[in-house]
Amino acid sequence: SLAGMISAGTMLSFTLVSLGILVVRYEDSPESRKSDARFFSKYYFWLTAFCVLNIALGIVMVYIPSCPAGVQGFLGLLTLAPIGILASFPQNQVNQKATEDGEAGSSVFTGSIFKCPWVPWIPALAVMINIHLILSLDLDTLCRLAIWSALGYFFYFIYGFHHSKLNAHAYYHTL
């Protein structure tokens, strides 16, 4: 029970970090935002579609064991389709100079913190594997994970979000 919770918490945090890499790498700069752009031309539409399809794939693979392998393979390819579309979007560049020099001013806005190879493929595969592993845990563990995660998110949005050092950053308010 405790080992399942530890595993679930670790996998959930790794999943959120992998999703965070995708968000930071594809986040729009303030000057490039267009209010008239269609919803399917935004990165968050495809990231949301990936997450929904990923959870559906995990549920089918874990809770419907009699599902044919061909259907599971098709769902797997369908799940990766939004990531393929996301790969065609322009990415924010990683600031190589800040990374090499080890500047103290490196931040999430320079792109040097979330440096990852083969974006979006490595983070997407990490999310897929972790969601599958999380969903394969006992139902009791999943219920406990949902309760503790809800409490954690509640306290984050009530206290942590408003007292964040990132919230005080001038560039943050222009996003």
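Residues numbered from 1 in each chain as written. Predicted model: local features only at pLDDT ≥ 70, side-chain atom pairs only at ≥ 80, totals over all residues. Heavy atoms only, no water.

1. Focus: the overall build of the protein chain
For step 1, the next point in the chain: Secondary structure summary: the protein chain contains six helices and zero strands in total.
For step 2, the next point in the chain: For the protein chain, the sequential pattern of α-helices and β-strands runs α-α-α-α-α-α.
For step 3, the next point in the chain: Residues classed as buried in the protein chain amount to 30% of the 175 residues present.
For step 4, the next point in the chain: Considering only residue pairs separated by 6 or more positions, the protein chain has 74% of its internal contacts joining residues 24 or more positions apart.
For step 5, the next point in the chain: In the form shown here, the protein chain has an accessible surface area of approximately 11,100 Å², with 70% of it arising from carbon and sulfur atoms. (Helix = DSSP H or I, 4+ residues; strand = E, 2+ residues; numbered from the N terminus. Buried < 20%, exposed > 50% of the residue type's maximum accessible area, 1.4 Å probe, protein only. Contact = heavy atoms within 4.5 Å. Areas by Shrake-Rupley, 256 points an atom, 1.4 Å probe, with all protein chains shown as cover.)

2. What about the environment of isoleucine 131?
For step 1, the next point in the chain: Turning to its location among the elements, isoleucine 131 is positioned in helix H5 (residues 121–135).
For step 2, the next point in the chain: Given a relative accessible area of 16%, isoleucine 131 falls into the buried group.
For step 3, the next point in the chain: Each C-alpha atom of the pair isoleucine 131 and glycine 58 lies 6.5 Å from the other, and the pair is 73 residues apart in sequence.
For step 4, the next point in the chain: In this structure isoleucine 131 touches Thr15, Asn54 and Ile55, once residues within four positions along its chain are discounted.

3. Remarks on the packing of helix H1 (residues 2–26) against H5
For step 1, the next point in the chain: In the contact formed by H1 and H5, the axes pass within 9 Å of each other and the chain directions differ by 155 degrees. Taken together, the axes of H1 and H5 lie roughly antiparallel to each other. Taken as a pair, H1 and H5 cross one another with a handedness that is left-handed. Packed against H1, whose contacting residues are Ala8, Met11, Leu12, Phe14, Thr15, Ser18, Leu19, Ile21 and Leu22, the element H5 presents Pro123, Ala126, Val127, Asn130, Ile131, Leu133 and Ile134 at the interface.
For step 2, the next point in the chain: Of the residues contributing to the contact of H1 with H5, the split by class is 13 nonpolar, three polar and no charged. (Axes fitted to C-alpha atoms, helices over the stretch in contact; angles between N-to-C directions. Parallel < 35°, antiparallel > 145°, perpendicular 65-115°, else oblique. Left-handed = near helix turned anticlockwise from the far one by under 90°. Nonpolar A, V, L, I, M, F, W, Y, C, P; charged D, E, K, R; others polar.)

4. Digging into a nonpolar patch on the surface
For step 1, the next point in the chain: On the surface, Ile147, Trp148, Leu151, Phe154, Phe155, Ile158 and Tyr159 cluster together into a nonpolar patch covering about 830 Å² of accessible area.
For step 2, the next point in the chain: As for its placement among the helices and strands, phenylalanine 155 is situated in helix H6 (residues 139–160). (Patch = residues over 30% accessible without salt bridge, like charges linked within 9 Å, V, L, I, M, F, W, Y side chains within 5 Å. Salt bridge = Lys/Arg side-chain N within 4 Å of Asp/Glu carboxyl O.)

5. Some words on H6
For step 1, the next point in the chain: The first and last C-alpha atoms of H6 sit 30 Å apart over 22 residues, in line with the 32 Å expected at 1.5 Å per residue.
For step 2, the next point in the chain: Within the span of H6, buried status applies to Thr141, Leu142, Leu145 and Ser149. Looking straight down H6, one finds its buried side chains confined to an arc of 85 degrees; they lie on one side. Of the exposed residues in H6, those oriented more than 90 degrees away from the buried face are Asp140, Ile147, Trp148, Phe155, Ile158 and Tyr159. (Expected span 1.5 Å × (residues − 1). Arc of directions from axis to C-beta.)

6. A word on unusual backbone geometry
For step 1, the next point in the chain: Following valine 119, the chain continues to proline 120 via a peptide bond in cis, the omega torsion being 15 degrees.
For step 2, the next point in the chain: Among the secondary structure elements, proline 120 is positioned in the loop between helix H4 (96–101) and H5.

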